[in-house]
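# Notes for the structure review
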Amino acid sequence: MPIHKPCASASTLSVQRMARLLVVEDDELALDIATRWLTRHGYNNVHSAMSGAEGLEACADDPPDILILDHALPDLNGMAIAEHLCLTFRREERPWIVLFTAAADSTIARLMSTGYFDDLLRKPCVGEDYIAALAHAHAGLRERRRLAEKHAMVVHASSSGSSLHL
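Below is a short write-up of the structure. (Residues numbered from 1 in each chain as written. Predicted model: local features only at pLDDT ≥ 70, side-chain atom pairs only at ≥ 80, totals over all residues. Heavy atoms only, no water.)

## Details of the environment of V24
If you trace the backbone, V24 turns up in strand β1 (residues 21-24). What makes V24 buried here is its relative accessible area of 1%. Remark: the alpha-carbon pair of V24 and S51, spanning 27 residues in sequence, is separated by 6.7 Å. Among all residues touching V24, those that are not within four sequence positions of it are A49, S51, G55, L67, I68, L69, D70 and L73. (Helix = DSSP H or I, 4+ residues; strand = E, 2+ residues; numbered from the N terminus. Buried < 20%, exposed > 50% of the residue type's maximum accessible area, 1.4 Å probe, protein only. Contact = heavy atoms within 4.5 Å.)

## Some details on unusual backbone geometry
For residues that are not glycine, phi is negative in most cases, and the peptide bond is trans in most cases. Note the cis peptide between K123 and P124, where omega equals -10°. With respect to the helices, strands and loops of the structure, P124 is situated in the loop between β5 (119-122) and α6 (127-160).

## Some remarks on the sheet that holds strand β4 (residues 96-101)
The parallel open sheet is built from five strands, whose spatial order is β2-β1-β3-β4-β5. In this open sheet, the two edge strands, each paired with only one partner strand, are β2 (46-49) and β5. Across this sheet, the average inter-strand angle for adjacent strands is 20°, counted without regard to direction. As judged from the four bridges shared by β1 and strand β3 (residues 66-70), these two strands associate in the parallel manner. Each residue of the ladder has a partner; that of V24, found in β3, is L69. Here helix α3 (residues 52-61) sits on the sheet in contact with β1, β2 and β3, set at roughly 165° to β1. (Pairing = 2+ DSSP bridges. Axes fitted to C-alpha atoms, helices over the stretch in contact; angles between N-to-C directions.)

## Things to note about helix α4 (residues 78-88)
Inspection of α4 places G78, I81, A82, L85 and C86 among the buried residues, and these make up the whole buried set. Each buried residue of α4 sits inside an arc of 130° when the element is viewed along its axis, so together they form one side. Close packing links the buried residues of α4 with α3, β3 and β4. With a side-chain oxygen lying 3.0 Å from the backbone nitrogen of M79, the N-terminal cap of α4 falls on N77. (Arc of directions from axis to C-beta. Polar contact = N/O pair within 3.5 Å; in protein donor to acceptor, adjacent residues only side chain to side chain.)

## Describing the packing of aromatic side chains
As enumerated under the stated definition, the model contains one aromatic pair in all. Consider the rings of W37 and Y130, whose centres lie 5.2 Å apart with planes at 25°: the pair is stacked. Here the residue W37 occupies a position in helix α2 (residues 28-40), and Y130 occupies one in helix α6, the gap between them amounting to 93 residues. Assigned by exposure class, W37 and Y130 land together as buried. Lying over the aromatic face of F100, K123 brings its terminal NZ or CZ to 4.9 Å of the ring centre. (Phe/Tyr/Trp six-rings, centres within 6.5 Å; stacked < 30°, edge-to-face > 60°. Lys NZ or Arg CZ within 6 Å of the ring centre and 35° of its normal.)

This is the structure:
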């Protein structure tokens, strides 16, 4: 997996750090490390859930911008949550879903091939791993929304009979 090096201005970083993050992880230590690291590094809108059901409920109540999702949850696995979100939300409205796992490469390959996950964060993580995953998530969300706006302009132009040059 390529390393994504963040390159952002101070204003971009402050906007990124306002993003709503949800970490769903049943291992209390891993959850504590992730949420404390994110908070310590300026992400002030970090939420957590220790079960799949709790994570799914949090996503339904107030969808996060970025979802860091363990796949091996005891009650409702991460695959089921990611699938539900992908089927429930339009692509430009759903969270950026990061698979958070220590699984074997073959399991990771199977999970990533579903298309339900946008990125991968391997456990155990160090600070650079979080930085890279979040930089990639923010860039991916911006591109996803830019394409949705472009599509909406084309649809609007074609329905009104005007021509649009992109």
